[in-house]
Amino acid sequence: MDEVPNTSETKAFAPGPRRLLKRLRALMADQADAQKRLNNLTAMIAEETGADVSSIYLARRSRALELCATHGLSQDAVHNTRLKHGEGLVGQVAIAAKPLAVADAPTHPAFSYRPETGEEPFKSFLGVPILRGGRLVGVLTSQTVEARELADGEVETLQTVAMILAEIIASGQIIAPEELAGLDVRPTKSERMQGGAFSHGLAMGVAVIHEPQVSPIRLIADDPEDEEARLDIAINELRKGIDEMLDGERLPFGEPTRDVLEAYRMFAQDRGWLNRLREAVKQGLTAEAAVERVRNEHRARLMQAKDMNFRERLHDLEDLANRLLRHLDENTTDEGAPLPDNTILIARSIGPAELLDYDRSKLKGLALEEGSASSHAVIVAKALGIPLVGRVEGALDRIESGDPVIVDGEFGLLIIRPSEDVSAVYTERAKAIEQRAAEFAILKDAPSVTSDGKSFELHLNAGLLIELKRIEETGAAGIGLFRTEFQFMVADTLPTVAEQTVLYKSVIDACDTRPAVFRTLDMGGDKVTVSAPAMREPNPALGWRAIRMGLDRPGLLRLQLRALIAAAAGKELDVLFPMIAAPWEFFAARDMLEAEIERAEKYGHGRPVKYRAGLMLETPGMAFAIEEALPRVDFVSVGANDLMQYFFAADRLNARVSDRYDILSPAALRLFRTIQQSCAAHKVPVSVCGETASRPLEAAVLLAMGYTKLSMAASSIAPVRTLLNGLDAGKLGAWLAGRLDKPGRTLRTELMKAGADAGLPKEAVDNSLII
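Remember, it's a predicted structure, so these values are computed and weren't measured experimentally.

Our focus in this paragraph is the pairing of strand 14 (residues 413–416). Across a regular strand the side chains alternate sides, sitting on one face of the sheet and then on the other. Of the two faces of strand 14, the one lined by Leu413 and Ile415 and the one lined by Leu414 and Ile416 are each fully buried. Pairing of strand 7 (residues 191–194) with strand 14, which is carried by 4 bridges, proceeds in the antiparallel orientation. Note on strand 14: the bridge partner recorded for Glu191 is Ile416. Where strand 13 (residues 404–408) folds back onto strand 14 in an antiparallel hairpin, the turn is made up of 4 residues, including Gly412, whose phi is positive at roughly 70°.

In structure tokens:
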């Protein structure tokens, strides 16, 4: 008994496999019925490989393996022999997702005898998995009468055929789709996956897999020597590109990226990986198909690993394969398929620039296997109003391009191949959302006044020029927070003063007479740019970021302030400094702003007619030191998201603790009351921005406590305005006053029960504002 593992230590092959692939191409054009084509295929494989038996087992949805075609075994066993999950040598190949070769199969402990097959005379066994996208489609086997050692190249030959077989079966070239009923060649069952709700909204459409690489269109090479030359050129270009980045004067993201690129260089030099690619090409595959086959092999094995280190290696090899395929793509002129009108993009991860490359008129939703609520892709999706569900692990293994899918950005759900009943429910919900949105659109010009006459202002949070049109669409009072760092995130080089000036002037012009508050660069932590290295800090949220980086790198902040001053020449300028943890940080930042104003005057450059310096209050330490800073502060913006995560010591991106504490707890509301009272005493305007302000009930509580200016995402303005228009702010303020100084975990439940008795309109209680 001898098991031969899948290995790259194989010799060059004879012309036989190439003849087999050419014959396979001819078979695809055969008009015979499906079963006859499969039978012809197994006979062809047996003839070319010198085997006495060649069989194809395909996976059923029950995970059983059904004998679907054979040359050499009894034809009566076809479609009657089914092996349970893991049963027999065929089952072992399926579980391990790698080849298995046995010299004397009946003596193997995993051998399972099926009398109906008539396989008694056969001794040797070779089985290889049929893989597609890392998922098992079936098993291809060959057997001989004599017990013998495996000949060099037989594993590679059968693997090559299996790779081609997976693609042509799934595409319907050999078996029509209707004849695949019951087989797990292409997943058909409905699945519901829970992820994170990163960008709200609802989208129904068809899946499009985001593939940085080009999918192999040609699988079989016309000239293997030419394909090997193409592969060698692409590998050299890959290595050269990595070497140039490593050996250049500066890396895009600083020193930590060097470690990543060194890992890429190490993998790019890996002899085992390169040998596997070259052997696949020698078997008759195109260079692209060879990369895809080796990728599938690694994916199938490493996906089974429980050790995260192996999973990380899979990511490295996936990215390396993508890079290599892009180099190969540069030598071709293949164009990608057009997007469907209702595209739902499915990706492991995606960069902001890649996302912006897609046709926004057709992109309706996005689902990511990775990502976080503050990732760059999420920021872009929110700006574009695209529903996004993140952290949906394993989505790419369950979805095929063209599958109907639903992205539920409200509850963080990805529904794959929904049933008719589920689709009907979501269709009705989509209609309700559309109707509600139409009702909200009418309210954009409604006065911002509560039922008891208290005025309020709702401002827009933005970061992209495309968002500026939402000012008019929503009736926003202005831009309460413009995130300037996004221009840096999507740029390959540091934006110049002139480039920054153009952007900031566009924002000011779009606002016209309405105010626009520019937050200076809030970089570092999870926000990686060409000017902010990807620091490996134990706790990035508490690390070197925002104003800390700006003060430590004054040149960067000065240039930005210079651009803001030039953009606001002849107009008013509001500058907000983020992540202020101590009064002296704000004083230093303000001094820098005033120095740049003086510089503009000195050199005769344009300058604002009036400027205001704001403090973004995001830390409890600054909240308790606010009295010391207020004499030099022109306005305060409370960054409630960060303030609450620091207040409760609970990471807002960690699902285990993010919902553990409530901003409507008496303790948290007392902190907000203290901030508002201090600002009022010094006659300094104060606002609240972020997710907290965007939730209607929380917005009502903040308004009742004296926060009359709130800033939020465009999609939240109409729902918040609707609730605040019906609010009795005085009544709610009195209700809160009697409870803030009492102990308790949260006031939310009690407030919802009180309803109208606490001044709330019915919309706050019946959830009709949630769209």
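On we go.
Moving on to the sheet that holds strand 15 (residues 457–462). In space, the 8 strands of this closed barrel follow the order 15-16-17-18-19-20-21-22, with parallel pairing throughout. Put simply, the sheet's adjacent strands are angled 25° from each other on average, direction ignored. The sheet contact formed by strand 16 (residues 479–483) and strand 17 (residues 516–519) spans 3 bridges and is parallel. Across the sheet, the residue bridging to Arg483 is Arg519, located in strand 17. Here helix 16 (residues 497–511) sits on the sheet and contacts strand 16 and strand 17; the angle it forms with strand 17, its principal contact strand, is near 155°. The sheet contacts of helix 22 (residues 640–648) involve strand 18 (572–580), strand 19 (610–617), strand 20 (635–639) and strand 21 (686–689), and relative to strand 20 the element is tilted by about 60°.

A complete count under the given rule lists 6 cavities of 30 Å³ or more for this structure. As for the largest cavity, its lining consists of 15 residues, and the residues nearest its centre are Tyr57, Leu83, Val90, Ser112 and Glu119. Those elements giving two or more residues to the lining of the largest cavity turn out to be helix 3 (88–96) and strand 6 (135–144). Per-element tally for the lining of the largest cavity: the top contributor is helix 3, with 3 residues. Split into classes, the residues belonging to the lining of the largest cavity amount to 7 nonpolar, 6 polar and 2 charged.

Moving on: the environment of Leu202. When you line up the elements, Leu202 lands in strand 9 (residues 202–209). Aside from chain neighbours lying at most four places away, what touches Leu202 is Pro387, Ile406, Val407, Asp408, Tyr426, Arg429, Ala430 and Ile433.

Pairing within the open sheet is mixed, and its 8 strands lie in the order 7-14-13-9-10-11-12-8. Only two strands of the sheet have a single partner each, and these edge strands are strand 7 and strand 8 (196–199). Sheet twist, expressed as the average angle between the axes of neighbouring strands with direction ignored, equals 30°. For strand 13 and strand 14, the ladder comprises 4 bridges, and the chain directions are antiparallel. Each bridged residue has a counterpart across the sheet, and for Asp408 the counterpart in strand 14 is Leu413. Against the sheet, helix 13 (residues 420–442) contacts strand 9, strand 13 and strand 14, and its axis sits at roughly 120° relative to strand 9.

As a further point, take the pairing of strand 13. Buried residues dominate strand 13, accounting for 4 of its 5 residues. In the sheet, strand 9 pairs with strand 13 via 5 bridges, with the strands oriented antiparallel. Opposite Gly205, over in strand 13, you have Val405 as the bridge partner.

Our next topic: the packing of aromatic side chains. Under the criterion given, the structure shown has 7 aromatic pairs. On the numbers, 5.8 Å between centres and 65° between planes, the contact of Phe482 with Phe518 is edge-to-face. Of this pair, Phe482 sits in strand 16 while Phe518 sits in strand 17, placing them 36 residues apart in sequence. Each member of the pair, Phe482 as well as Phe518, is classed as buried. With a centroid separation of 6.0 Å and 80° between ring planes, the pair formed by Phe672 and Tyr707 is classed as edge-to-face. Residue Phe672 is found in helix 24 (residues 666–681), and its partner Tyr707 is found in the loop between helix 26 (696–704) and strand 22 (709–712); the two are separated by 35 residues along the sequence.

In this fold, Asp408 is placed in strand 13. When residues no more than four places from it in sequence are discounted, the contact partners of Asp408 are Gly201, Leu202, Val389, Leu413, Tyr426 and Arg429.

Of note in the backbone geometry, His79 takes a positive phi value of approximately 70° without being a glycine. Looking at where His79 falls in the secondary structure, it is placed in the loop between strand 2 (65–71) and strand 3 (82–83). The exposure class assigned to His79 is partly exposed, which follows from its relative accessible area of 37%. In this model, Asp512 sits at a positive phi of 60°, which is unusual for a non-glycine residue.

Calculation criteria
- Residues numbered from 1 in each chain as written.
- Predicted model: local features only at pLDDT ≥ 70, side-chain atom pairs only at ≥ 80, totals over all residues.
- Heavy atoms only, no water.
- Buried < 20%, exposed > 50% of the residue type's maximum accessible area, 1.4 Å probe, protein only.
- Helix = DSSP H or I, 4+ residues; strand = E, 2+ residues; numbered from the N terminus.
- Pairing = 2+ DSSP bridges.
- Axes fitted to C-alpha atoms, helices over the stretch in contact; angles between N-to-C directions.
- Contact = heavy atoms within 4.5 Å.
- 1 Å grid on protein atoms, 1.4 Å probe; cavity = no way out; pocket = protein on both sides within 12 Å on 5 of 7 lines; lining within 4 Å.
- Points joined across faces, edges and corners; volume = space filled by probe spheres on them.
- Nonpolar A, V, L, I, M, F, W, Y, C, P; charged D, E, K, R; others polar.
- Phe/Tyr/Trp six-rings, centres within 6.5 Å; stacked < 30°, edge-to-face > 60°.

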